[in-house]
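One-letter residues, chain by chain:
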Amino acid sequence: MPSTLRTTHSGAADAPATAGRIPVVVHAPDPISREGALSQLRRHPEITLREESDTGPGTVALLISDTLDDLTLTRLRRLVRSEGARAVLVVTLLRGNELLDAIECGVGAIVWRHEATEHKLVQAVLASARGDGDLPADLLGRLIDQVGTLHRSATGGAGTPAQGLTQREVDVLRLVAEGLDTGEIAGKLSYSERTVKNVMHGLTTRLHLRNRAHAVAHALREGYI
């Protein structure tokens, strides 16, 4: 069955967005990396590919980079904060507190470049479009360690968490931090999936958090989980 997406000379798709499909923009440091990501994504009917300049609210921006340097961070902040996109970062290496920097500037999903299979790229795009977090297990563990260290340094040891999260929100975030998706969280807590989504939407809106990964980082930083 032929693809419904056609490609221009620059390798970008020229099909318009269709209702129910996720608009995705790929930013890459070189044409080979860009075309590799496009070729993996264009086979999926739930995704529609757009030009790099066509980023905006509701768009998922997939950004490929070797490291999270200042230029990449600046671009991520612009994509998320100024243009309203949701961000997926495909990266080779994250040093020191660069993971926290990525989460704080609005990245909801991260994929290691050496693990960037078609399945993982699509999974990250779908998770980001839903507002979910999607971090590799080793990065989730590092996030917990880094935020825990920051919290202990700020409080001088174990302290009383700041007010701001309800017990229901803490319960949901604890399971998000364990890597469970919405359906699994609903099953664990005997909630409906709608309830779980409403809990996440309520706390991210109230606390001005950008996505699930940012919410988990906030809860860890404040000592809730």
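Residues numbered from 1 in each chain as written. Predicted model: local features only at pLDDT ≥ 70, side-chain atom pairs only at ≥ 80, totals over all residues. Heavy atoms only, no water.

1. A short note on the overall build of the protein chain
The helix and strand inventory of the protein chain stands at nine helices and five strands. Listing the helices and strands of the protein chain from first to last along the sequence gives β-α-β-β-α-β-α-β-α-α-α-α-α-α. Counting over 225 residues, the protein chain shows a buried share of 48%. Long-range pairs, those at least 24 residues apart, make up 71% of the contacts in the protein chain between residues at least 6 apart in sequence. (Helix = DSSP H or I, 4+ residues; strand = E, 2+ residues; numbered from the N terminus. Buried < 20%, exposed > 50% of the residue type's maximum accessible area, 1.4 Å probe, protein only. Contact = heavy atoms within 4.5 Å.)

2. Overview of the packing of helix H1 (residues 31-41) against helix H4 (residues 118-130)
Direction vectors running N to C along H1 and H4 enclose 80°, while the axes themselves pass 9 Å from each other. In terms of their interaxial angle, H1 and H4 are classed as roughly perpendicular. Contact with H1, carried on its side by Ala-37, Gln-40 and Leu-41, involves Glu-118, Leu-121, Val-122 and Val-125 of H4 and no other residues of that element. Split into classes, the residues belonging to the contact of H1 with H4 amount to five nonpolar, one polar and one charged. (Axes fitted to C-alpha atoms, helices over the stretch in contact; angles between N-to-C directions. Parallel < 35°, antiparallel > 145°, perpendicular 65-115°, else oblique. Nonpolar A, V, L, I, M, F, W, Y, C, P; charged D, E, K, R; others polar.)

3. Some remarks on the packing of helix H6 (residues 167-177) against helix H7 (residues 182-189)
Where H6 meets H7, the closest approach of the two axes is 10 Å, and the angle between their N-to-C directions is 130°. Taken together, the axis directions place H6 and H7 in an arrangement best described as oblique. As H6 runs across H7, the sense of the crossing is right-handed. Contact residues: H6 offers Asp-171, Val-172, Leu-175 and Val-176, while H7 offers Ile-185, Lys-188 and Leu-189. (Left-handed = near helix turned anticlockwise from the far one by under 90°.)

4. Quick look at the nonpolar core
Taken as a class, soluble globular proteins show a tendency for nonpolar side chains to be buried jointly. Core analysis: the biggest nonpolar cluster contains 46 residues, and Leu-89, Leu-94, Val-107, Ile-110, Leu-143 and Leu-173 have the highest contact counts within it. Non-local contacts of Ile-110, meaning those with residues more than four positions away in its chain, are made with Leu-89, Val-91, Leu-94, Leu-99, Asp-134, Leu-135, Pro-136 and Leu-139. Ranked by size, the runner-up nonpolar core spans 21 residues in total, among them Ala-37, Leu-62, Val-90 and Val-125. (Core = buried A, V, L, I, M, F, W, Y, C linked by side-chain atoms within 4.5 Å.)

5. Quick word on H4
An α-helix turns once per 3.6 residues; consequently, residues spaced three or four apart project the same way. For H4, which comprises 13 residues, the first-to-last C-alpha distance of 19 Å matches the rise-based estimate of 18 Å (1.5 Å per residue) to within 8%. Turning to H4, its buried residues number three or more, namely Leu-121, Val-122, Ala-124, Val-125, Ala-127 and Ser-128. (Expected span 1.5 Å × (residues − 1).)

6. Section: the sheet that holds strand S5 (residues 107-112)
Reading across from one edge, S2-S1-S3-S4-S5 is the order of the five strands in this open sheet, with parallel pairing throughout. Each of the sheet's edge strands pairs with one partner strand only, and the pair in question is strand S2 (47-50) and S5. Sheet twist, expressed as the average angle between the axes of neighbouring strands with direction ignored, equals 25°. Strand direction decides the pairing type here: strand S1 (residues 22-27) and strand S3 (residues 60-65), joined by four bridges, are parallel. The residue of S3 that forms the bridge with His-27 is Leu-63. In the packing of H1 onto the sheet, the strands contacted are S1, S2 and S3, and the crossing angle to S1 comes to about 160°. (Pairing = 2+ DSSP bridges.)

7. Details of the pairing of S1
Counting buried positions over the six residues of S1 gives six, a clear majority of the element. Side chains Ile-22, Val-24 and Val-26 of S1 all project onto a buried face; the interleaved residues Pro-23, Val-25 and His-27 project onto the opposite face, where all are buried too. As paired strands, S1 and S2 are joined by four bridges and run parallel to one another. The partner of Ile-22 across the bridge, within S2, is Ile-47.

8. Focus on the pattern of salt bridges
Applying the stated criterion to the full structure yields ten salt bridges. With a closest N to O distance of 3.4 Å, Lys-120 and Glu-115 form a salt bridge. Between Glu-169 and Arg-206 there is a salt bridge, and its shortest N-O distance comes to 2.9 Å. A residue pair is termed long-range when its members are at least 10 positions apart, and Glu-169 in helix H6 and Arg-206 in helix H8 (residues 193-206) qualify at 37 residues. (Salt bridge = Lys/Arg side-chain N within 4 Å of Asp/Glu carboxyl O.)

9. Let's talk about the confidence of the model for the protein chain
In the predicted model, the protein chain carries a mean pLDDT of 80, and 82% of its residues have values of at least 70. Counting interchain partners and residues more than four positions distant, the pLDDT-below-50 stretch residues 155-163 has seven contacts. (pLDDT = per-residue confidence, 0-100.)

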